[in-house]
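Observations on the three-dimensional arrangement
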Amino acid sequence: MSGPADLVGFSRGMYSNWLWHRPLQLLVDAGEGLQLALGSSVYAPSVLAVTHGHSDHVLGLPGLVAARRFGKGAQDKPLTIVYPEASRGMRGVRLLLETTYAGVSFPLVWTPIGPGSTVALGKNRQLESFAVEHTPSEPGLGYRVVELRRRLKPEFAGWPQAALEQRARDGHRDDLMEPARHIVFAHSGDAMPVPPDAVRGADLLVHDATFLDAADRREPIHASTSEALGVAREAGVRALVLHHLSIRYDRASALRVLRDQVVASGYTGRVWLLDDGAWANLTATAR
Ligand SMILES: [Zn+2]
């Protein structure tokens, strides 16, 4: 079963988590095994956005960086690594790279950021960070990719096409349009449910879904599957990927529970679970 077009990933909480969005040339997190899974695509990513510094999200970074530096390919291609500025795990990974490969220089652009930051991602797109609730000792960030578009101003919405074209020919083309932001992709990282406003209208949201039942949660650091579905519904996102499901759950029964939760949630967009490297389609109509 394949997942959303353009996405490749792996997710096992406490083991390894990463996601590769091919058209955006964007990686989110770098769990172990990443460079092996990317194979010949190892040079494709331009930006790695790290959600937080826990080992299951960053231990694949030294392997990825070494594969790009010593492999056959675009060894000089820069990789921008965006991460929470206070991350202890990322400080450790940088130190590991600098110590293990003393004397080797890597084309890395280390970019520590806080919430509310913006990193350019090609011409009309930008990566934006937002605050999420995770472990205080290892701060987390959510990310969204915003496309900067132009759209017809609302006051012209009812106008016939011919009238709009005439107005444009009369030299008022710029008056017809206004700038608009559109979220093409968003990722919660490991987090409690993110604020729907942070991901509103996204084409695709990847959300933490560690617990099948919020009652299984001991500390407020991960979302439940139903909470993730609730965020998707409230935010009106078009498609949802649940990931990071706890290894405590038997998979066959978890999938049955999840399918019922999707129906009960009232969320009508497409839904998948990414579990290890496998995609399960949970869309309500896919039963
Ligand atoms: Zn994790």
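Nothing here was measured: the structure is a model prediction, and the numbers come from that model.

This part covers helix α7 (residues 251-265). The end-to-end C-alpha separation of α7 is 20 Å, in line with the 21 Å expected for 15 residues at 1.5 Å each. Among the residues of α7, Ala254, Leu258, Gln261, Val262 and Ser265 are the ones counted as buried. Each buried residue of α7 lies within a common arc of 100° when the element is viewed along its axis, so the set occupies one face. Along α7, the residues that are exposed and aim more than 90 degrees away from the buried face are Arg256 and Ala264. On the buried face of α7, the contacting elements are α6 (225-235), β12 (239-243) and β13 (270-275). The N-cap residue of α7 is Asp250: its side-chain oxygen and the backbone nitrogen of Ala252 are 3.5 Å apart. Phi turns positive one or two residues past the end of α7, at Gly266, with a value near 80°.

The strand order β1-β2-β3-β4-β5-β6 describes an open sheet built from 6 strands, whose pairing is mixed. Only two strands of the sheet have a single neighbouring strand rather than two, namely β1 (7-12) and β6 (108-113). Strand-to-strand twist across the sheet, computed as the mean angle between neighbouring axes with direction ignored, equals 20°. Direction of pairing for strand β4 (residues 47-49) relative to strand β5 (residues 79-84): parallel, over a ladder of 3 bridges. Residue pairing across strands places Leu48 opposite Ile81, the latter belonging to β5. The strands touched by helix α3 (residues 61-70) are β3 (26-30), β4, β5 and β6; relative to β5, the strand with the most contacts, the crossing angle is about 165°. Helix α4 (residues 88-100) rests against β5 and β6 of the sheet, and its axis sits at about 160° to β6.

Turning to the coordination of the zinc ion, a few remarks are in order. Around the zinc ion, the protein supplies Asp56 (OD), His57 (NE2), Asp190 (OD) and His244 (NE2) as donor atoms, at distances of 2.1 to 2.3 Å. What the 4 donor atoms of the zinc ion show is an angle range of 84 to 178° at the metal, which sorts the shape as irregular.

Applying the stated rule across the entire model yields 5 aromatic pairs. Taken together, a centroid distance of 6.2 Å and an interplanar angle of 80° make the contact between Phe70 and Phe106 edge-to-face. Here Phe106 lies in the loop between α4 and β6 and Phe70 lies in helix α3, a separation of 36 residues in the sequence. Centre to centre, the rings of Tyr83 and Trp110 are 6.1 Å apart; their planes meet at 90°, and the pair counts as edge-to-face. Residue Tyr83 is found in strand β5, and its partner Trp110 is found in strand β6; the two are separated by 27 residues along the sequence. Both residues of the pair, Tyr83 and Trp110, count as buried.

Calculation criteria
Residues numbered from 1 in each chain as written. Predicted model: local features only at pLDDT ≥ 70, side-chain atom pairs only at ≥ 80, totals over all residues. Heavy atoms only, no water. Helix = DSSP H or I, 4+ residues; strand = E, 2+ residues; numbered from the N terminus. Expected span 1.5 Å × (residues − 1). Buried < 20%, exposed > 50% of the residue type's maximum accessible area, 1.4 Å probe, protein only. Arc of directions from axis to C-beta. Contact = heavy atoms within 4.5 Å. Polar contact = N/O pair within 3.5 Å; in protein donor to acceptor, adjacent residues only side chain to side chain. Pairing = 2+ DSSP bridges. Axes fitted to C-alpha atoms, helices over the stretch in contact; angles between N-to-C directions. Donors = N, O, S within 2.8 Å, 3.2 Å for Na, K, Ca; no water. Tetrahedral: all angles 85-135°; square planar, octahedral: opposite > 155°, others 65-115°. Phe/Tyr/Trp six-rings, centres within 6.5 Å; stacked < 30°, edge-to-face > 60°.

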